[in-house]
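Take a look at the letters that make up each chain.
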Amino acid sequence: MRNLLLLSAILLGCSGTAAAASAETPSPDLVANGFIIMSTVLVILMSIPGIGLFYGGMVRTKNMCSILMQVITSFALIYLLWACYGYSLASSNDSGSFLSLFFGDFSNSFLVKIAPDTVDTAHSNLSELVYFAFQGAFAAITACLIIGSFAERIKFSGFLIMLVVWFTFAYIPSWHMVWGGGWLDSAFGVLDFAGGTVVHINASVCALVGAYYIGNRLGYGREAMKPHSMTMTMIGTALLWVGWFGFNAGSELTSDGISGLALVNTILAPAASLVSWTICEWFLKGKPSLLGACSGAIAGLVVITPACGFVGVNGGIIMGLIGGAVCLWGVHGLKKALRVDDTLDVFGIHGLGGIIGAIMTGIFCSPDLGGVGFGGDNTSILSQTTGQLISVVVTIVWTGIVAFAGFSLARLITGIRVSRDEERQGLDLSSHGERAYNY
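Residues numbered from 1 in each chain as written. Predicted model: local features only at pLDDT ≥ 70, side-chain atom pairs only at ≥ 80, totals over all residues. Heavy atoms only, no water.

1. Topic: the overall build of the chain
Put simply, the rule reads: Helix and strand definitions follow DSSP, with helices as H or I runs of at least four residues and strands as E runs of at least two, each counted in order from the N terminus. The reference for a compact globule is 2.2 Å times residues^0.38; the radius of gyration itself is calculated from the C-alpha atoms. Exposure classes here rest on a 1.4 Å probe applied to the protein chains alone. A residue is buried below 20% of its type maximum, exposed above 50%, and partly exposed in between. Contacts are residue-level and defined by heavy atoms, with any inter-residue pair within 4.5 Å sufficient. Accessible surface is estimated by sampling points in the Shrake-Rupley manner with a 1.4 Å probe; for residues, cover comes only from the protein chains shown. The charged-residue count follows a simple rule in which Lys and Arg add positive charge and Asp and Glu add negative charge, with His and chain termini not counted at all. To locate a charge, the coordinates of NZ of Lys, CZ of Arg, CG of Asp or CD of Glu are taken.
Tallying secondary structure elements over the chain gives 15 helices and 2 strands in all. By the compact-globule yardstick of 22 Å for 439 residues, the chain fits well, its C-alpha radius of gyration being 23 Å. Across its three principal directions, the C-alpha atoms of the chain cover 100 × 50 × 45 Å. Split into buried and exposed, the 439 residues of the chain put 56% on the buried side. Once local pairs closer than 6 in sequence are excluded, the contacts in the chain between residues at least 24 apart make up 79%. A total accessible area of about 17,800 Å² is found for the chain, and carbon and sulfur atoms account for 68% of it. Between the centroid of the 19 positive side chains of the chain and the centroid of its 24 negative side chains there is a distance of 19 Å.

Right, here's the structure in full:
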């Protein structure tokens with residue numbers, strides 16, 4: 001009997017020790033982990049095949065390889081930089097110094113503190129490696145978006161130099177200020193569910209600066225520069241729309257009602273935007289185009305990105321309807337007013353769509369309009385919209401300055417634009433020594 005009691009005590013002690021150890025070392029949420037792994041793959045699907053085909057189909061045949069090369073290289077380079085120092089500078093926030101309002105620190109460079117069993121308790125008890133991978137996919141696709149504005153004329157080496165500057169001094173602080181507990185989040189309660197400011201405005205402002213800095217394509221406004229394959233652009237649009245479910249719904253970081261709301265908004269808002277764009281284009285030009293329908297869908301996806309987990313379904317539909325019409329004007333009226341050769345309408349769609357999406361998030365997040373509520377200390381549509389507007393202005397100014405510096409540095413080191421002869425020949429042969437089509 002005495003031995004039995006002793007054995008029971010030992011077992012109870014071991015059980016208590018195991019329970020204490022379990023309490024001290026949290027386990028990853030396997031459901032959330034699986035959901036975010038799937039979402040990460042969907043965001044990667046958006047980048048390499050999605051943007052590659054969407055952009056590639058819209059350029060001329062002689063520049064198809066150059067677009068694909070820029071997309072896949074941007075994806076690889078930015079993911080590596082995200083591992084080396086980007087993730088640490090964006091997500092760490094322990095110093096309490098003034099600089100921590102804009103940047104984190106280097107304490108987790110090269111992922112030195114992350115092991116396979118490291119759990120991120122601040123983000124749905126995900127494995128931190130999974131969270132790193134998911135956010136790295138966001139950084140990579142943002143870089144890929146920039147390419148479209150100055151397609152068919154940029155020097156590849158200069159582009160890579162600019163990209164490193166932009167990532168380090170524009171993307172990382174934007175991420176930290178909005179999602180990492182930095183200035184815009186703590187001071188204004190900014191709402192950006194999946195990247196209206198961090199991704200779309202950030203990328204499009206850099207793209208617009210590049211289009212101005214590099215100048216118009218040879219023959220722009222005088223020669224026909226039609227898309228060489230609308231079939232590819234349509235396939236790219238489909239891949240982007242499908243991948244966007246990981247982009248938006250995944251940003252909840254777990255599978256719950258809010259991720260379901262984001263999913264539905266990611267279906268209905270771009271559907272509304274596509275219809276809105278098509279009807280307006282039909283009325284203005286006499287014929288609806290496939291390029292317009294694809295552009296309308298992307299515009300709706302951009303507009304709903306900052307709002308998808310904050311606004312109700314009807315609010316999302318209204319945002320989509322407005323976004324389609326406004327972005328149609330952006331790629332025609334605004335583009336002419338700016339007098340810029342934004343080759344694939346990056347600013348007209350991603351910039352304008354991101355701006356109105358971020359601002360309208362402050363309106364339709366109101367519980368009175370079916371939203372889930374305000375952010376931070378905001379208690380009204382006015383205060384929330386003011387914070388959203390401030391975040392838009394800060395992102396535009398900050399990224400604009402960094403982008404100009406990046407293009408200037410690239411110009412000094414390697415040059416930023418190919419020669420006139422190389423541009424006429426096409427970047428496929430002149431920059432990469434190959435053709436997309438050998439016939």
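2. Some remarks on the environment of Ile44
Along the polypeptide, Ile44 turns up in helix H2 (residues 30-56). Residue class for Ile44 comes out partly exposed when judged on its relative accessible area of 26%. With 90 residues separating them in the primary sequence, Ile44 and Phe134 have C-alpha atoms 9.0 Å apart.

3. As for the environment of Glu128
For Glu128, the position within the fold is in helix H4 (residues 128-146). With 36 residues separating them along the chain, Glu128 and Val164 place their C-alpha atoms 25 Å apart. Those residues in contact with Glu128, other than ones at most four positions away along the chain, are Tyr87, Asn108, Ile114, Thr118, Val119 and Asp120.

4. Focus: helix H5 (residues 156-179)
The criterion, for reference: Two axes enter the bend calculation: one fitted to the seven residues ending at the residue in question, the other to the seven starting there, and the bend is the angle between them.
At Phe167, H5 is bent by approximately 40 degrees, the largest bend along its length. Directly after H5, the chain includes Gly181, whose backbone phi takes a positive value near 80 degrees.

5. What about the packing of H4 against H5?
Heads up, the rule is: Lines fitted to C-alpha atoms define the axes here, with helix axes fitted over just the stretch in contact, and angles between the N-to-C directions of these axes take values from 0 to 180 degrees. Roughly parallel here means an angle under 35 degrees, roughly antiparallel means over 145, roughly perpendicular means 65 to 115, and every remaining angle is called oblique. Note: crossing handedness is left-handed where the near helix turns anticlockwise from the far helix by less than a right angle, and right-handed where it turns clockwise.
The interhelical angle for the contact between H4 and H5, taken along N-to-C directions, is 125 degrees, at an axis separation of 11 Å. Considering the angle they form, H4 stands oblique to H5. In terms of crossing hand, the pair formed by H4 and H5 is right-handed. Between H4, through Tyr131, Gln135, Phe138, Ala139, Thr142, Ala143 and Ile146, and H5, the contact on the second element is made entirely by Met162, Leu163, Trp166, Phe167, Tyr171, Trp175 and Trp179.

6. Details of the pattern of salt bridges
To keep things clear, this is the line we draw: Take a side-chain nitrogen of Lys or Arg and a carboxyl oxygen of Asp or Glu: if they are within 4 Å of each other, that pair is a salt bridge.
Scanning the model with the defined rule gives 7 salt bridges in all. Close ionic contact of Asp345 with Lys335 constitutes a salt bridge, the shortest N to O distance being 3.0 Å. On the criterion of sequence distance, the pair formed by Asp345 in the loop between helix H11 (313-338) and helix H12 (346-364) and Lys335 in helix H11 is long-range, its members being 10 residues apart. Asp345 sits in the buried class, given a relative accessible area of 18%. Judged by its relative accessible area of 15%, Lys335 falls in the buried class. For Glu423, the salt bridge identified is with Arg417, shortest N-O distance 2.8 Å. On the accessibility criterion, Glu423 (4% relative accessible area) is buried.

7. Here's the deal with a nonpolar patch on the surface
Where we set the bar: Surface patches are drawn from residues lacking salt bridges whose relative accessible area is over 30%; two like charges belong together within 9 Å, two nonpolar side chains (Val, Leu, Ile, Met, Phe, Trp, Tyr) within 5 Å.
Residues Leu263, Val264, Ile267, Leu268 and Val313 make up a contiguous nonpolar surface patch of about 320 Å² in total accessible area. The biggest single contributor to the nonpolar patch is helix H9 (residues 257-285), with 4 residues. Along the chain, the position of Ile267 falls in helix H9. Relative accessible area serves as the criterion here: at 39%, Ile267 is assigned to the partly exposed category.

8. Quick notes on the packing of H2 against helix H8 (residues 230-249)
Two elements in contact, H2 and H8, have axes separated by 7 Å at closest approach and are oriented at 155 degrees. It follows from the interaxial angle that H2 and H8 lie roughly antiparallel. The chirality of how H2 crosses H8 is left-handed.

9. Observations concerning the state of the cysteines
Selection criterion: What counts as a disulfide here is a pair of cysteine sulfur atoms lying within 2.5 Å.
In this structure the tally under the stated criterion is 0 disulfides. Of all cysteine sulfurs in the structure, the one in Cys144 sits closest to Cys84, which takes part in no disulfide; the separation is 17 Å.

10. Thoughts on empty space enclosed by the protein
Operational definition: Put simply, the grid is 1 Å and covers the protein atoms alone, a cavity is a trapped set of points that fit a 1.4 Å probe, a pocket is an open set with protein on both sides within 12 Å along at least five of seven lines, and lining residues have an atom within 4 Å of a point. Grid points are joined across faces, edges and corners, and a volume is the space filled by probe spheres set on the points.
The tally for this structure, following the rule as stated, stands at 2 cavities of 30 Å³ or more. In this structure, the largest cavity occupies an estimated 80 Å³ of space. What lines the largest cavity is a set of 13 residues, and nearest its centre among them are Ile51, Leu145, Leu240, Trp244 and His350. Listing elements by their share of the lining of the largest cavity, those giving two or more residues are H2, H4, helix H7 (196-214) and H8. Per-element tally for the lining of the largest cavity: the top contributor is H2, with 4 residues.

11. Some thoughts on the confidence of the model for the chain
To keep things clear, this is the line we draw: pLDDT: the predictor's confidence for each residue, scored from 0 to 100.
For the chain, the mean per-residue pLDDT works out to 93, and 94% of the residues sit at or above 70. Note that pLDDT drops below 50 for residues 1-23; the model gives that stretch 0 contacts with residues more than four away or on any other chain.

12. Topic: unusual backbone geometry
Positive phi outside glycine occurs at Ser124, with the angle close to 60 degrees. In this structure, Ser124 sits in the loop between strand E1 (119-120) and strand E2 (126-127).

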